[in-house]
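Remarks on the overall topology
Here is how the chains run, residue by residue.
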Amino acid sequence: QQPVQSPQAVILREGEDAVINCSSSKALYSVHWYRQKHGEAPVFLMILLKGGEQKGHEKISASFNEKKQQSSLYLTASQLSYSGTYFCGTVPANAGGTSYGKLTFGQGTILTVHP
Amino acid sequence: NAGVTQTPKFRILKIGQSMTLQCTQDMNHNYMYWYRQDPGMGLKLIYYSVGAGITDKGEVPNGYNVSRSTTEDFPLRLELAAPSQTSVYFCAILDFRNVKNGYTFGSGTRLTVV
């Protein structure tokens, strides 16, 4: 089942912060985050594994709450280059060793950063 | 080191025609995937492969076929194209020995069926 992302879209001014959420109805083993600019391929940002870890990438970080079956992506002090569509991709916990890296993607969150 | 190369970048097909979307990688990754992305939507898995000679269906396999005779190549075949197959197709690879690096995507093939 497809994870649900919220919000669907967010508009920021440079320097503002944003949070993008990814919620699943299933227990999760891992969550990937990707950014896609218009007309381009998605680019990998980070992966979070079950265990509630938090990771960072430049001024972008993320958390993974197993109990809530939810991951959040935090963008701080946004830059114009952060504009794009953000996707989460999930691997269910019951896939075990047979997931073979298959991801189920959310519908995306469009982030627009204005000067 | 090109990573993942997809050809063609654009294609217009007439209903009922067939074509093959090419995907080639030079990173020696075993895992390869085909996803489609409809306008304003997320990506849906069509087929995947865990190595040469091994393929399996994803979420939306109907109307497509794949083969994997070598580690490098993973072509996607459309038979009897339909307007519902209008989409952007992405090939992706994953190093199963280091999944923390995530997917590497090709640049995509934009297909229109008229």
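In this report, we go over the structure that sits alongside the text. (Residues numbered from 1 in each chain as written. Chains lettered and ligands numbered in written order. Predicted model: local features only at pLDDT ≥ 70, side-chain atom pairs only at ≥ 80, totals over all residues. Heavy atoms only, no water.)

1. Here's the deal with the overall build of chain A
Helices and strands together make up the secondary structure of chain A, namely zero helices and eleven strands. Along chain A, from the amino end to the carboxyl end, the secondary structure elements read β-β-β-β-β-β-β-β-β-β-β. Dimensions of chain A, computed from the C-alpha atoms along their principal axes, are close to 45 × 30 × 20 Å. Within the span of chain A, comprising 115 residues, buried residues form 46% of the whole. Of all intrachain contacts in chain A linking residues separated by at least 6 positions in sequence, the fraction that spans at least 24 positions is 57%. When the accessible area of chain A is evaluated, it comes to approximately 5,500 Å², of which 49% is carbon and sulfur surface. Taken together, the 10 basic and 7 acidic charged side chains of chain A have centroids lying 9 Å from each other. (Helix = DSSP H or I, 4+ residues; strand = E, 2+ residues; numbered from the N terminus. Buried < 20%, exposed > 50% of the residue type's maximum accessible area, 1.4 Å probe, protein only. Contact = heavy atoms within 4.5 Å. Areas by Shrake-Rupley, 256 points an atom, 1.4 Å probe, with all protein chains shown as cover. Lys, Arg positive; Asp, Glu negative; His and termini not counted. Charge placed at Lys NZ, Arg CZ, Asp CG, Glu CD.)

2. Some remarks on the interface of chain A and chain B
Every contact between the two is made by 18 residues of chain A and, on the other side, 22 residues of chain B. With both sides pooled, the region where chain A packs onto chain B buries about 1,600 Å², and carbon together with sulfur makes up 65% of that total. On the chain A side of the contact with chain B, Tyr100(A), Lys102(A) and Phe105(A) bury the most area, a combined 31% of that side's loss. Between the two partners, chain A and chain B, sit zero salt bridges. (Buried area = accessible area lost by both parts, 1.4 Å probe. Salt bridge = Lys/Arg side-chain N within 4 Å of Asp/Glu carboxyl O.)

3. Regarding the sheet that holds strand β3 (residues 19–25) of chain B
Residue and element names in this part refer to chain B. Read from one edge to the other, the open sheet built from four strands follows the order β1-β3-β8-β7, with strand pairing classed as antiparallel. The open sheet has two edge strands, β1 (4–7) and β7 (64–66), and neither has a second partner. Within this sheet the neighbouring strands show an average axis-to-axis angle of 20°, counted without direction. As defined by bridge partners, β7 adjoins strand β8 (residues 76–78) across three bridges and the pair is classed as antiparallel. (Pairing = 2+ DSSP bridges. Axes fitted to C-alpha atoms, helices over the stretch in contact; angles between N-to-C directions.)

4. Observations regarding the layout of surface pockets
One number sums up the size of the largest pocket: a volume of about 720 Å³. Looking at the largest pocket, it is lined by 33 residues, and the ones nearest its centre are Gln36(A), His38(A), Gly39(A), Gln37(B) and Arg110(B). Among the elements that take part in the lining of the largest pocket, strand β11 (residues 109–113) of chain B stands out by supplying four residues, more than any other. Sorting the residues of the lining of the second largest pocket by element identifies β9 (84–92) and β10 (104–105) of chain A together with β5 (43–51) of chain B as the ones contributing at least two each. Of the residues belonging to the lining of the second largest pocket, the class tally is eight nonpolar, nine polar and four charged. (1 Å grid on protein atoms, 1.4 Å probe; cavity = no way out; pocket = protein on both sides within 12 Å on 5 of 7 lines; lining within 4 Å. Points joined across faces, edges and corners; volume = space filled by probe spheres on them. Nonpolar A, V, L, I, M, F, W, Y, C, P; charged D, E, K, R; others polar.)

5. What about the state of the cysteines?
Cysteine pairs can be linked by a disulfide, which is a covalent bond between their two sulfur atoms. Residues and elements named next belong to chain A. Applying the stated criterion across every chain, the model contains two disulfides over all chains. A sulfur-sulfur distance of 2.1 Å marks the disulfide that ties cysteine 22 to cysteine 88. The chirality of the disulfide connecting cysteine 22 with cysteine 88 is right-handed, given an S-S dihedral of about 75°. With cysteine 22 in strand β3 (residues 18–23) and cysteine 88 in strand β9, this pair connects stretches of sequence that are 66 residues apart. (Disulfide = S-S within 2.5 Å.)

6. Some points on the pairing of β11(B)
Residue and element names in this part refer to chain B. Only one face of β11 is covered, namely the face carrying Thr109, Leu111 and Val113; the face carrying Arg110 and Thr112 is uncovered. Direction of pairing for strand β2 (residues 10–13) relative to β11: parallel, over a ladder of four bridges. Among the inter-strand pairings, phenylalanine 10 is bridged to a residue of β11, identified as arginine 110. Pairing of strand β9 (residues 87–94) with β11 involves three bridges; the strand directions are antiparallel. From the neighbouring strand, tyrosine 89 faces β11, where its bridge partner is threonine 109.

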